Amino acid sequence: MMTYLLRHCLSSCLVLFVAALLTLQPAQAQTVTESETDEIEERALATIDVLPSLLELRQSIEDQITAQIDLEAGENGDEASPELLRLRHELEEIEEQISIAMSGVSERDYQSLDQYDFDLNSEVEDLIEPFVLIVNEATSGARQLERARRDQTAAEKRIENALIAIGNIEAALAISTEPTVQELLNANLSIWRERYELHQAQAQALAQRINDLQSNRTTVGGNVNSAFEVFFRDRSISLFLGIGAFLGVLALGRILMLAAHFILTRRVAERTFAMRLGGVLFSIAILIGSFVAMLAVFNIRNDWLLLGLAMLLFIAALWLMLRMLPNLVEQLWVLLNLGAVQERERVLFNGVPYRVERLSFFTDLVNPALDGGEFTLPVRELVGMHSRPAAEDEAWFPSIKGDWVRLADGNAGQIIAQTPEMVVLELLGGARVTYQTAEYLSATPENLSHGYRVEIEFGIGYRHQKTSTNEVITQMRDGIRQHFESYLPEGELTGVDVEFLRAGASSLDYEVEIDIAGTSAHRFEALERELARCVVDLATQYDWEIPFAQLVVHTSGDKRP
């Protein structure tokens, strides 16, 4: 609970923004109320001033339409010519302006209130138009320079063509004798000379234009940076208030959720399905409310650019959610504790078992046996996992820090660190071996700190066959017990056992075992050597023959009985 509170306490500071937002709208409303009378009077004066000119313009356009209709009717009777359509469109615009000037209400908008035509392309264009204008303005200098260079190249090409044409015509005139041909050539020569002079002047003007643009232009990056500096300078207050409203409502919602969770958990030990469903729905409502608060601030500030960008962001987020709908449904199922991962159950993450401490949008996984064994995962990471109830007294890890263990690869030593990522084993002598936690678990560690067994095999000769299964076993067991009770501190020897193992090829073999308490786990190697020394001393004491492996060789000359 404390971890959860610490993770969200920073967001609670943003509640201060809510107070600023709550005072924004009433102040504006009060100002409008006080200045309402003055605005009506100013508007009435403006209407009286503008109406005469609008009426004169309407009359002029109506006269033009009448004249155009008479002209077209006298020629071909076509009243749908482009010129007539243009004049009628201008008349409609003037009528709309007159309506707005008189009443302040658009007649077109009033008549279209019952029309529900929706053009997605047009709406999207309206949203992105302010942003495109900013980019367009930022790159205008570079585009003008490129256009001027293209025009200069075209003008130079035309000058070359004109010079070629002039040279060809002058050559033809030099050898022509026909008056008609000479007249035609002279006419064309005049045309091409005019073209040459025109394009030459155009090229000079374009060269000057390019020089001016190059001397005054900045880089495209500089223009873009300047444009965005202007953007943030002019809209910084709106942006600050909008983001503050979003974070403030979000923080307020989280505080309410924390308070509700604290109150409910005091009354109910486990969260019910209704509590989980209510938490999910309330979280969604908080997110939507935060976004609406941000849009409301932009709308109150009349910042249509930020409002449009926020709407584009909302559309993009909605589209992304639709694309991720199947995965979101699985995550919702997990949040409601109805999925494959259940709260308070055991789940494997990176090959290590964890307890699902609390299911939420950010789920807490805990392994109490590991240092730093706490993970906070987004709920999407749990999709595809499976949990199960933990058995009673089931261990969360085969060892704890300070335990002595022996691994399948032969290494044995003391655990000096174990975390979710690695386990560090200090061997006898001080060398340290580091394992990834999953590799450590796969090495089947044998924990010696809870007690362990030291065992060896020992054989005696066949001449002791008569007493090998009774007297020898008793002597060996009593001798080992007596030796180790004096060799070890009191209570560390927990058991001694000697069992006849087999009748071997050259010896009668025994399995000798001693059980040692976990407090002597660090002496496991020394005790193996001490046990071997002890049974050899007993063999000397009781005159037991210790055989060695014998090989009998039969030759071809041996006689069989």
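Residues numbered from 1 in each chain as written. Predicted model: local features only at pLDDT ≥ 70, side-chain atom pairs only at ≥ 80, totals over all residues. Heavy atoms only, no water.

Peer 1: Can you break down the sheet that holds strand β1 (residues 346-349) residue by residue, with the values?
Peer 2: Taking strand neighbours across the sheet as the criterion, the 5 strands line up as β4-β3-β2-β1-β5 in an open arrangement whose pairing is antiparallel. Strands with a single pairing partner mark the edges of an open sheet, and in this sheet they are β4 (374-378) and β5 (387-388). Sheet topology note: the β1/strand β2 (residues 352-358) ladder contains 4 bridges and is antiparallel. Across the sheet, residue R346 finds its bridge partner in β2, namely R355. (Pairing = 2+ DSSP bridges. Helix = DSSP H or I, 4+ residues; strand = E, 2+ residues; numbered from the N terminus.)

Peer 1: An account of the nonpolar core is needed here, citing residue identities and associated values.
Peer 2: Core analysis: the largest hydrophobic core is formed by 31 residues, its most contacted members being M476, I480, F484, V512 and I514. Elements with a contribution of two residues or more to this core: β11 (452-460), α13 (471-487), β12 (493-503), β13 (508-516) and α14 (524-541). Here this core gets 7 residues from one element, more than from any other, and that element is α14. When near neighbours in sequence (up to four residues on either side) are disregarded, I514 contacts Y452, R453, V454, I480, F484, L493, G495, V496 and L531. The next biggest cluster of nonpolar side chains, apart from the first, holds 29 residues, and it includes W396, F397, Y435 and A443. (Core = buried A, V, L, I, M, F, W, Y, C linked by side-chain atoms within 4.5 Å. Buried < 20%, exposed > 50% of the residue type's maximum accessible area, 1.4 Å probe, protein only. Contact = heavy atoms within 4.5 Å.)

Peer 1: Residue-level account of helix α10 (residues 304-323), with values.
Peer 2: Residues spaced three or four apart along an α-helix face the same direction, because each turn holds 3.6 residues. The end-to-end C-alpha separation of α10 is 28 Å, in line with the 28 Å expected for 20 residues at 1.5 Å each. Looking only at α10, the buried set comprises L305, L306, L307, G308 and A310. (Expected span 1.5 Å × (residues − 1).)

Peer 1: Tell me what's going on with the sheet that holds strand β9 (residues 432-436), and back it up with residues and numbers.
Peer 2: On the basis of which strands lie adjacent, the open sheet formed by 5 strands has the order β9-β8-β7-β6-β10 and antiparallel pairing. Taken across any chain shown, the strands that pair with only one partner, and hence form the sheet edges, are β9 and β10 (446-447). Taken together, the 3 bridges between strand β6 (residues 404-406) and strand β7 (residues 412-418) define a ladder with antiparallel strand orientation. By the bridge assignment, R406 is partnered in β7 with A412.

Peer 1: A description of unusual backbone geometry should follow, citing residues and the corresponding values.
Peer 2: Despite not being glycine, R344 shows a phi value in the positive range, around 70 degrees. Along the polypeptide, R344 turns up in the loop between α11 (325-335) and β1.

Peer 1: Any details on the side chain of H199? Residues and values, ideally.
Peer 2: Secondary-structure assignment places H199 in helix α7 (residues 179-216). Among residues more than four places away in sequence, those in contact with H199 are A155, R158 and I159.

Peer 1: So, the environment of A417: which residues are in play, and what are the values?
Peer 2: Inspection of the secondary structure assignment puts A417 in strand β7. As a C-alpha pair, A417 and L370 span 47 residues in sequence and 8.6 Å in three-dimensional space. Here A417 is in contact with M422, V423 and V424, once residues within four sequence places are set aside.

Peer 1: Before we move on, can you summarise the confidence of the model for the protein chain with the specific residues and values?
Peer 2: Detailed reading of the predicted coordinates is not advisable wherever pLDDT is low. Mean pLDDT over the protein chain stands at 77; residues scoring 70 or higher make up 74%. Predicted confidence for residues 1-32 stays below pLDDT 50, and this span has 32 contacts to residues more than four positions away or in other chains. (pLDDT = per-residue confidence, 0-100.)

Peer 1: Help me get a handle on the packing of aromatic side chains, residues and values and all.
Peer 2: Here the structure, examined in full by the defined rule, presents 8 aromatic pairs. Judged by centre distance (6.3 Å) and plane angle (65 degrees), the rings of F349 and Y354 are edge-to-face. Pair check on accessibility: F349 and Y354 agree, each one buried. Summarising the aromatic geometry, the rings of Y435 and Y440 are spaced 6.5 Å apart at their centres and angled 55 degrees between planes, so their arrangement reads as tilted. On the basis of relative accessible area, Y440 is assigned to the buried category, the value being 1%. Through pairs of rings, three or more aromatic residues link up here, namely F349, Y354 and F375. Sitting above the plane of the W192 ring, R195 keeps its charged end 4.5 Å from the centroid. Across the ring face of W396, the terminal group of R346 is positioned such that the distance to the ring centre comes to 4.7 Å. (Phe/Tyr/Trp six-rings, centres within 6.5 Å; stacked < 30°, edge-to-face > 60°. Lys NZ or Arg CZ within 6 Å of the ring centre and 35° of its normal.)

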